[in-house]
Amino acid sequence: MIYCTCPDQASADRIAGLLVEQRLAACVNIIAPVKSVYSWQGKLETSEEWQLLIKTTQARYVDLQQAILSVHPYELPEIIAVPVQQGLPAYLHWIDECTQQQD
């Protein structure tokens, strides 16, 4: 599971579509809006963002990260991977199938 925030719906939609089309993710949920409070360049910031919850496999992480970095509008995008310890076996199998590289 990868977490990634975006500044607006258009960039969230673009990144989600790219990841699924390139088989880097099986599914991307877009949760919006979320309010983010964070420190950036020494200042307290507050912004409205769109949160992506990206379902992928460990094997596809490196390519997924590169794909996000290639199109994300932030200078330093949030890309955080959280391991999935357990899940419905059939669902986890579906993620594996959807993210297999095609020849």
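For the structure given in this document, a descriptive report is provided here. Here the structure is a predicted model, which is why all the values come from computation and not from measurement.

Thresholds applied
Residues numbered from 1 in each chain as written. Predicted model: local features only at pLDDT ≥ 70, side-chain atom pairs only at ≥ 80, totals over all residues. Heavy atoms only, no water. Helix = DSSP H or I, 4+ residues; strand = E, 2+ residues; numbered from the N terminus. Buried < 20%, exposed > 50% of the residue type's maximum accessible area, 1.4 Å probe, protein only. Contact = heavy atoms within 4.5 Å. Lys, Arg positive; Asp, Glu negative; His and termini not counted. Salt bridge = Lys/Arg side-chain N within 4 Å of Asp/Glu carboxyl O. Pairing = 2+ DSSP bridges. Axes fitted to C-alpha atoms, helices over the stretch in contact; angles between N-to-C directions. Left-handed = near helix turned anticlockwise from the far one by under 90°. Nonpolar A, V, L, I, M, F, W, Y, C, P; charged D, E, K, R; others polar. Phe/Tyr/Trp six-rings, centres within 6.5 Å; stacked < 30°, edge-to-face > 60°.

Things to note about the environment of Y3
Thought 1: On the secondary structure map, Y3 appears in strand 1 (residues 2–6).
Thought 2: A residue is classified by how much of its surface remains accessible, and Y3, at 32% relative accessible area, is partly exposed.
Thought 3: As a C-alpha pair, Y3 and Q51 span 48 residues in sequence and 7.1 Å in three-dimensional space.
Thought 4: Among all residues touching Y3, those that are not within four sequence positions of it are Q51, L52, L53, E78, I79, I80 and V82.

Topic: the side chain of K55
Thought 1: Within the fold, K55 resides in strand 3 (residues 43–55).
Thought 2: Despite its burial, K55 remains without a salt bridge, the nearest opposite charge being carried by D13 at 14 Å.

Concerning the sheet that holds strand 2 (residues 27–40)
Thought 1: Overall, antiparallel pairing links the 4 strands, which are arranged 2-3-1-4 in an open sheet. Unpaired on one side and paired on the other, strand 2 and strand 4 (80–81) mark the two borders of the sheet.
Thought 2: Against the sheet, helix 2 (residues 61–71) makes contact with strand 1, strand 3 and strand 4, and its axis sits at roughly 0° relative to strand 1, the strand it touches most.

A look at the packing of helix 1 (residues 9–21) against helix 2
Each pair of packed helices can be summarised by the angle the axes make with each other and by the distance between the axes.
Thought 1: At a closest axis distance of 10 Å, the pairing of helix 1 and helix 2 adopts a crossing angle of 145°. When you trace helix 1 past helix 2, the crossing you get is right-handed. Residues R14, I15, L18 and L19 of helix 1 touch helix 2, and the partners they reach there are L64, A67, I68 and V71.
Thought 2: Residue classes in the contact of helix 1 with helix 2 are distributed as 7 nonpolar, no polar and 1 charged.

Looking at the environment of T99
Thought 1: Tracing the backbone shows T99 in the segment after helix 3 (89–98).
Thought 2: With relative accessibility at 3%, the residue T99 sits in the buried group.
Thought 3: Note: C-alpha distance between T99 and K55 (44 residues apart in sequence) is 9.3 Å.
Thought 4: The contact partners of T99, leaving out residues within four places of it in the chain, are R23, L24, A25, A26, T56, T57 and R60.

Comments concerning the packing of aromatic side chains
Thought 1: The full count for this structure, using the stated rule, is 1 aromatic pair.
Thought 2: Between the aromatic rings of Y91 and W94, the centroid separation amounts to 5.3 Å while the plane-to-plane angle is 45°, which identifies the pairing as tilted. In this pair, Y91 and W94 are both assigned in helix 3, 3 residues apart and thus about one turn of the helix distant.
Thought 3: Its relative accessible area of 32% is what places W94 among the partly exposed residues.

Quick look at the pattern of salt bridges
Thought 1: Considering all chains together, one arrives at 1 salt bridge under this definition.
Thought 2: We note a salt bridge from R60 to D63, for which the minimum N-O separation is 3.4 Å.
Thought 3: Here R60 falls in the buried class, since its relative accessible area comes to 7%.
Thought 4: For D63, a relative accessible area of 36% translates into the label partly exposed.

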